[in-house]
Amino acid sequence: MEDRDIFQELSKAFQELDIGEAQKVILLENLHKLQEQNINIMITGATGSGKSSTINAMFRQEVAKVGIGVDPETMDITKYTLKNMILWDSPGLGDGKEADTRHAKNIISKLNERDSDGNALIDLVLVILDGGSRDLGTSYELINSVIIPNLGDNKEKRILVAINQCDMAMKGKHWDSVNNRPDSVLTKFLDEKAESVRRRIREGTGVDIMPVYYSAGYKDGDEQQAPYNLSKLLYLIIQHTPKKKRLIIAQNTSRKAEVWRDNDELKNYGEEIRRSFVDTVVESVSRGADIGGEIGSIFGTVGETVGMVVGGVAGFIGGVVKSIFSWW
Ligand SMILES: Nc1nc2c(ncn2[C@@H]2O[C@H](COP(=O)(O)OP(=O)(O)OP(=O)(O)O)[C@@H](O)[C@H]2O)c(=O)[nH]1
Ligand SMILES: [Mg+2]
């Protein structure tokens, strides 16, 4: 697929807008501030739950994989560096007492790390559960005793629980491989499983999190299966990400249409994802709500222009976003 950079495309489009030069400069400066944002996501879960598979399916392939050094304390963590985005692939629990203690310590220390602005370094923790496994005891331990107590305020905003390998949940029976989705029996089973995970977390911590189930897919020689509900998972990740950081996620996600194609039909996730990007641009760049308030002067006050000029700009940005992200 042709490689189109969201920031390049938007800045090109802004330059063609019929507004004054000084105003363009402000728009472009605000866009640049979005481009300079950084995001850190921790991906954790038991061995074999599908952390690597999920990263490979969801993000662009030129991901640089770097072990974080020879220090035996942290060498279990793999650091993936993308454009302004770092993925911390950290083992969960279930590898034996000694390893578990080390992993828990590493996770806790990462969760308490601060960036240069004094904010928590890790924006979001994605906990991956193995949907094919009956015993999720170590995952509850990880979520309830290690992660949640170390999330600070607004815990629900910084954690996402995702049940992977949903195709294998009933030993692979009831997976409709022609349409790459669960049949009605498996759907019911998975809905109940998600509800039971939710209950276990709520009972243990008081925090209410609705897990999502999905499949990262696989490739095994000639055999391969596309992901399922990966757009839904991305949609939820974006919902859990501060608006000004969302375009950084956009620029790093896979350009392969087939990885995003198959999802449940509760929402049009592709449309929702695009809309959230448009919102981000309009809010941050046009209105300057998140980054600098000067922009109001371009179109007059927000009150005057919403539904008029800003509406027009939103529509215009929507067109640009839609043409770039055609695969969602
Ligand atoms: N059927 C099926 N298999 C999957 C899925 N996701 C991952 N797998 C397979 O599960 C195995 C483990 O996946 P990985 O992505 O390596 O898991 P991981 O969490 O990175 O494991 P470690 O790095 O060892 O902790 C691999 O053989 C994957 O192909 C899925 O959604 N469905
Ligand atoms: Mg792995």
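How each quantity is defined
- Residues numbered from 1 in each chain as written.
- Chains lettered and ligands numbered in written order.
- Predicted model: local features only at pLDDT ≥ 70, side-chain atom pairs only at ≥ 80, totals over all residues.
- Heavy atoms only, no water.
- Helix = DSSP H or I, 4+ residues; strand = E, 2+ residues; numbered from the N terminus.
- Buried < 20%, exposed > 50% of the residue type's maximum accessible area, 1.4 Å probe, protein only.
- Areas by Shrake-Rupley, 256 points an atom, 1.4 Å probe, with all protein chains shown as cover.
- Contact = heavy atoms within 4.5 Å.
- 1 Å grid on protein atoms, 1.4 Å probe; cavity = no way out; pocket = protein on both sides within 12 Å on 5 of 7 lines; lining within 4 Å.
- Points joined across faces, edges and corners; volume = space filled by probe spheres on them.
- Near = heavy atom within 4 Å.
- Polar contact = N/O pair within 3.5 Å; in protein donor to acceptor, adjacent residues only side chain to side chain.
- Nonpolar A, V, L, I, M, F, W, Y, C, P; charged D, E, K, R; others polar.
- Pairing = 2+ DSSP bridges.
- Axes fitted to C-alpha atoms, helices over the stretch in contact; angles between N-to-C directions.
- Parallel < 35°, antiparallel > 145°, perpendicular 65-115°, else oblique.
- Arc of directions from axis to C-beta.
- Salt bridge = Lys/Arg side-chain N within 4 Å of Asp/Glu carboxyl O.
- Phe/Tyr/Trp six-rings, centres within 6.5 Å; stacked < 30°, edge-to-face > 60°.
- Lys NZ or Arg CZ within 6 Å of the ring centre and 35° of its normal.
- Left-handed = near helix turned anticlockwise from the far one by under 90°.

Regarding the overall build of the chain
In terms of helices and strands, the chain carries 14 helices and eleven strands. In the chain, which comprises 328 residues, the proportion classed as buried is 49%. Summed over all atoms, the accessible surface of the chain reaches about 15,400 Å², with 48% contributed by carbon and sulfur.

Some remarks on the side chain of K245
Mapped onto the elements, K245 comes out in the loop between helix 8 (230-239) and helix 9 (246-252). Accessibility expressed as a relative area gives 11% for K245, which makes it buried. Setting aside chain neighbours within four positions, we find K245 in contact with Q37, N38, I39 and D123.

What about empty space enclosed by the protein?
Applying the stated criterion across every chain, the model contains one cavity of 30 Å³ or more. Forming the walls of the largest cavity are I41, I43, T54, M58, F59, L87, L126 and I237. Going through the elements one at a time, strand 1 (39-45) and helix 3 (51-58) are the ones with two or more residues in the lining of the largest cavity.

Let's talk about the site of ligand 1
In the region of ligand 1, 16 residues are neighbours, and K51, S52, S53, D167 and A216 sit closest. In this structure, Q165 approaches ligand 1 through a side-chain N or O atom, which is 3.4 Å from an oxygen atom. Within the backbone of G217, an N or O atom sits 3.3 Å from an oxygen atom of ligand 1. Classifying every residue of the shell around ligand 1 gives four nonpolar, ten polar and two charged.

Here we look at the pairing of strand 4 (residues 85-91)
Among the seven residues in strand 4, seven count as buried, and that is most of the element. Neither face of strand 4 is open: one carries M85, L87, D89 and P91, the other I86, W88 and S90, and all of them are buried. By the bridge criterion, seven bridges tie strand 1 to strand 4 in an arrangement that is parallel. The residue bridging I39 from the neighbouring strand is M85, located in strand 4.

Remarks on the packing of helix 3 against helix 8
For any two helices packed against each other, the geometry comes down to the angle between their axes and how far apart the axes lie. One way to put it is that helix 3 packs onto helix 8 with a least axis distance of 11 Å and a crossing angle of 90 degrees. Judged by the angle between their axes, helix 3 and helix 8 are roughly perpendicular. Residues T54, A57 and M58 of helix 3 form the contact with helix 8, whose participating residues are L230, L233, L234 and I237. Here the contact of helix 3 with helix 8 is built from residues that sort into six nonpolar, one polar and no charged.

Digging into helix 1 (residues 6-15)
Here helix 1 has its buried residues at I6, F7, E9, L10, A13 and F14. For helix 1, the angular spread of buried residues about the axis comes to 165 degrees, placing them on one side.

Observations regarding the pattern of salt bridges
This model, assessed by the stated rule, comprises 14 salt bridges. Here R102 and D76 are joined by a salt bridge, their closest N and O atoms 2.9 Å apart. Taken together, the residues span a long stretch of sequence, with R102 in helix 4 (residues 97-111) and D76 in the loop between strand 2 (64-67) and strand 3 (78-82) at a distance of 26 residues. We classify R102 as partly exposed; its relative accessible area is 25%. D76 gets classed as partly exposed once you look at its relative accessible area, which sits at 22%.

Describing the pairing of strand 3
Only one face of strand 3 is covered, namely the face carrying T78, Y80 and L82; the face carrying K79 and T81 is uncovered. Where strand 3 lies against strand 4, five bridges are found, and the strand directions are antiparallel. Each bridged residue has a counterpart across the sheet, and for T78 the counterpart in strand 4 is D89. Between the antiparallel neighbours strand 3 and strand 4 lie two residues, among them N84 with a positive phi of about 55 degrees.

Digging into the packing of aromatic side chains
Evaluation of the coordinates by the stated rule reveals two aromatic pairs. Aromatic side chains Y235 and Y269 sit 5.7 Å apart centroid to centroid with 55 degrees between the ring planes, which places their arrangement in the tilted category. On the criterion of sequence distance, the pair formed by Y235 in helix 8 and Y269 in helix 11 (residues 269-287) is long-range, its members being 34 residues apart. On the basis of relative accessibility, which here comes to 5%, the residue Y269 falls in the buried class. The positively charged end of K110 is found above the aromatic ring belonging to W88, 4.0 Å away from the centroid.

Re the layout of surface pockets
For the largest pocket, the calculated volume is near 530 Å³. Considering the residues around the largest pocket, the lining is formed by 25 residues, among which N119, A120, D123, P242 and K245 are closest to the centre. Elements with a minimum of two residues in the lining of the largest pocket: strand 1 and helix 6 (155-158).

Focus on the packing of helix 5 (residues 137-147) against helix 7 (residues 184-205)
Direction vectors running N to C along helix 5 and helix 7 enclose 40 degrees, while the axes themselves pass 10 Å from each other. Relative to helix 7, the element helix 5 is oriented oblique. Of the two possible hands of crossing, helix 5 and helix 7 adopt the one that is right-handed. Facing Y140, I143 and N144 of helix 5, the residues of helix 7 in contact are S196, V197, R200, I201, G204 and T205.

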